[in-house]
Amino acid sequence: MSQKRLNNTIFLMFLVTSNYCKAHNITAREFLDLDKKYVILNYVSECPDIFDSMTNREMVEEVDQYVS
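Residues numbered from 1 in each chain as written. Predicted model: local features only at pLDDT ≥ 70, side-chain atom pairs only at ≥ 80, totals over all residues. Heavy atoms only, no water.

**Q** What is the right way to read the overall build of the protein chain from this model?
**A** Tallying secondary structure elements over the protein chain gives five helices and zero strands in all. In the protein chain, the succession of helices and strands from N to C terminus is α-α-α-α-α. Radius of gyration (C-alpha) of the protein chain: 11 Å, near the 11 Å computed for a compact globule of 68 residues. Each of the three principal axes of the protein chain carries a C-alpha extent, and together these read 35 × 20 × 20 Å. Buried positions account for 32% of the 68 residues belonging to the protein chain. The long-range fraction of contacts in the protein chain, counting pairs at least 24 apart against all pairs at least 6 apart in sequence, stands at 61%. Carbon together with sulfur atoms contributes 54% to the accessible area of the protein chain, which is approximately 4600 Å² in total. For the protein chain, the separation between the mean place of its 7 positive charges and that of its 10 negative charges on side chains is 5 Å. (Helix = DSSP H or I, 4+ residues; strand = E, 2+ residues; numbered from the N terminus. Rg over C-alpha atoms; globule rule 2.2 N^0.38 Å. Buried < 20%, exposed > 50% of the residue type's maximum accessible area, 1.4 Å probe, protein only. Contact = heavy atoms within 4.5 Å. Areas by Shrake-Rupley, 256 points an atom, 1.4 Å probe, with all protein chains shown as cover. Lys, Arg positive; Asp, Glu negative; His and termini not counted. Charge placed at Lys NZ, Arg CZ, Asp CG, Glu CD.)

So this is what it looks like as structure tokens:
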């Protein structure tokens, strides 16, 4: 993975975390607990191209579908 792609993936992971926390009014710690259970950030890192084209709301909806 190129450095540019890695940086983009990390940024997307940050966006997903931030957006999800805001949408569900949870803390980053609570999100990380959820991540331990569902491996959300790994999901994001496996398909960053999909998340790269999503709006903030679509990111949250995608994660909601993934964890349900």
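**Q** Is there a simple way to think about unusual backbone geometry in this case?
**A** Backbone phi values are negative for most residues with the exception of glycine, while trans is the configuration of most peptide bonds. Even without glycine at this site, Asn25 takes up a positive phi of about 50°. If you trace the backbone, Asn25 turns up in the loop between α1 (3-24) and α2 (28-38). What makes Asn25 exposed here is its relative accessible area of 73%.

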